[in-house]
Amino acid sequence: MRLLSTTCGRDRGEIQGSKHMSVMMHFLFLLAAVLSCHGCPDKCLCFSQTVKCQNQDLDAIPHSLPANTKFLFVTGNNISHIGVDSFPTSLEMLTDLYLSGNQMETVDAMVFDNLPNLVRLDLSNNDIQTFSGRAFFLENKVQLLNLSRSFHNHSSMDVLQSVLQSGNLVQLTALDLSNNALVILPDDIFTRLPSLVTLSLQNSSIISIQNGTLRAPPLLELDLRDNSLRDLPATSMEEFDLKPALLIRMSGNPWRCDCFIDDMLLWLKNSTQVVDVHNLTCSDPEALRRQALLQLDPARLKCLGDMEGVLETSYVFLGLVLALIGVIFLLVLYLNRKGIKRWMYNIRDACRDHMEGYHYRYEINSDPRLANLSINSDV
């Protein structure tokens, strides 16, 4: 009985200790949750080192952010402007900043100075009109910059160029410029990005690649899909050959399959850089539409169709000119019909008088009597 009582007492103590441990664990969990939520801004959700302020109709970046914030999402709001006051206190642990979909128009100087360890910055789905070249401080650590769907007008190219040529993005390795209205890239736009290895220009309305545009950065991945490229200049292919490890995507462009694409076809057949080469198809002429470039017969790549089109256009133009001249001539005749009629009557009367004179002389010469009379009268 004593042994039983001792055993029961021990079990009772263990049970009580277990209850105390459970209460303590629950308390510590609540304390951690409270601490993690301490300083969380209104309309935001904070957990661990992540702060999310999404789709809350905010017009500015919240200021009371936890000091240990590492991932900050302020997306889908109405923040049209960010400047030096957007991050008034230093957030040394912040590495990822997402500001997409805010209808943002202005990015001022020194805006990211209090984010010394920022690595990934997402400014996509905005309408950037002004972007200071001093937005990034000299020793920033930004490696990934997403500017997709942020420049909807080609006139914004100067804004983008000033940022990329500021010389402050020396550690940038990945740049997303997809879905923008770029049209033509300046030949020196990427020269001050010495670490850039991944570049996306997909669906950016690019019609041509200037000589030297892609020469400087040590690219390893290049996305040129869904643009307006009709051919590839020989200089661009030479620049690609200088980067043998570079992988390129070019499908979705309206390639023109005429005699001028011979060099590009030869390069595509001998290069392994274009990963989607089998998806490249002709856009025109009509006879070769949707024809795979690698399956083209060089004998069919003629420019005669172009010359025939030019000649046909010339003939049509000549016909129109001649028709116009004819119409003008007839109009002049119609407007001067009375004068022309008088002129024709005068010519007719003159011809008639002249013919009557010839007829009279002929009658005189044919009758000897009249001839002698004419001679005597002359004497």
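Residues numbered from 1 in each chain as written. Predicted model: local features only at pLDDT ≥ 70, side-chain atom pairs only at ≥ 80, totals over all residues. Heavy atoms only, no water.

1. A look at the sheet that holds strand 8 (residues 130–131)
1) Next: The three strands lie next to each other as 4-6-8, forming an open sheet whose pairing is parallel. Only two strands of the sheet have a single neighbouring strand rather than two, namely strand 4 (81–82) and strand 8.
2) Next: Pairing analysis gives two bridges linking strand 6 (residues 106–107) to strand 8, with the strands arranged parallel. Across the sheet, Thr 106 pairs through a bridge with Thr 130, a residue of strand 8. (Pairing = 2+ DSSP bridges. Helix = DSSP H or I, 4+ residues; strand = E, 2+ residues; numbered from the N terminus.)

2. Describing the state of the cysteines
1) Next: Counting across every chain of the model gives three disulfides.
2) Next: Between the sulfur atoms of Cys 257 and its disulfide mate Cys 282 the distance is 1.9 Å. Judged by the sign of its S-S torsion, about -95°, the bond between Cys 257 and Cys 282 is left-handed. In this pair, Cys 257 is assigned in the loop between strand 14 (255–256) and helix 4 (262–270) and Cys 282 in strand 15 (residues 282–284), connecting sequence segments 25 residues apart.
3) Next: Overall, Cys 257 belongs to the buried group, its relative accessible area being 2%. (Disulfide = S-S within 2.5 Å. Buried < 20%, exposed > 50% of the residue type's maximum accessible area, 1.4 Å probe, protein only.)

3. Observations regarding the sheet that holds strand 10 (residues 174–176)
1) Next: Taken in spatial order, the 10 strands of this open sheet run 1-2-3-5-7-9-10-11-12-13, and their pairing is mixed. A single partner strand is all that each edge strand has here, and the edge strands are strand 1 (45–47) and strand 13 (247–249). Across the sheet, the mean angle separating the axes of adjacent strands is 5° when strand polarity is ignored.
2) Next: In the sheet, strand 1 pairs with strand 2 (residues 50–52) via three bridges, with the strands oriented antiparallel. Residue Phe 47 lies in a different strand from strand 2, and its bridge partner there is Thr 50. (Axes fitted to C-alpha atoms, helices over the stretch in contact; angles between N-to-C directions.)

4. Topic: the pattern of salt bridges
Between side chains of opposite charge, pairing is possible as soon as their charged atoms come close.
1) Next: Within this structure, the stated rule accounts for eight salt bridges.
2) Next: In this structure, the salt-bridge partner of Asp 96 is Arg 120, at a minimum N-O distance of 2.5 Å. Taken together, the positions of Asp 96 in strand 5 (residues 96–98) and Arg 120 in strand 7 (residues 120–122) put the pair 24 residues apart, joining distant regions of the chain.
3) Next: Where Arg 225 meets Asp 223, a salt bridge forms, and the shortest distance between an N and an O atom there is 2.7 Å.
4) Next: One network of salt bridges, in which partners are shared, links Arg 230, Arg 256, Asp 258 and Asp 284. (Salt bridge = Lys/Arg side-chain N within 4 Å of Asp/Glu carboxyl O.)

5. Some words on the nonpolar core
1) Next: Residues Phe 112, Leu 175, Phe 190, Met 250 and Leu 293 are the most contacted members of the largest nonpolar core, which totals 77 residues.
2) Next: Elements with a contribution of two residues or more to this core: helix 2 (157–164), helix 3 (234–241) and helix 4.
3) Next: Tallying contributions element by element places helix 2 first for this core, with five residues.
4) Next: Once residues lying within four places of it in the same chain are set aside, the contact partners of Phe 112 are Ile 82, Leu 97, Val 107, Leu 118, Leu 121, Ala 135, Phe 136 and Phe 137. (Core = buried A, V, L, I, M, F, W, Y, C linked by side-chain atoms within 4.5 Å. Contact = heavy atoms within 4.5 Å.)

6. Concerning a positive patch on the surface
1) Next: Residues Arg 337, Lys 338, Lys 341 and Arg 342 make up a contiguous surface patch of positive charge.
2) Next: Turning to its location among the elements, Lys 341 is positioned in helix 6 (residues 337–366). (Patch = residues over 30% accessible without salt bridge, like charges linked within 9 Å, V, L, I, M, F, W, Y side chains within 5 Å. Areas by Shrake-Rupley, 256 points an atom, 1.4 Å probe, with all protein chains shown as cover. Lys, Arg positive; Asp, Glu negative; His and termini not counted. Charge placed at Lys NZ, Arg CZ, Asp CG, Glu CD.)

7. Things to note about the confidence of the model for the protein chain
1) Next: For the protein chain, the mean per-residue pLDDT works out to 84, and 81% of the residues sit at or above 70.
2) Next: Of the regions scoring below 50 in pLDDT, residues 1–12 engages in zero contacts with residues more than four places distant in sequence or in other chains.
3) Next: Here residues 27–37 scores under 50 on pLDDT; set against residues more than four positions off or in separate chains, the count is three contacts. (pLDDT = per-residue confidence, 0-100.)

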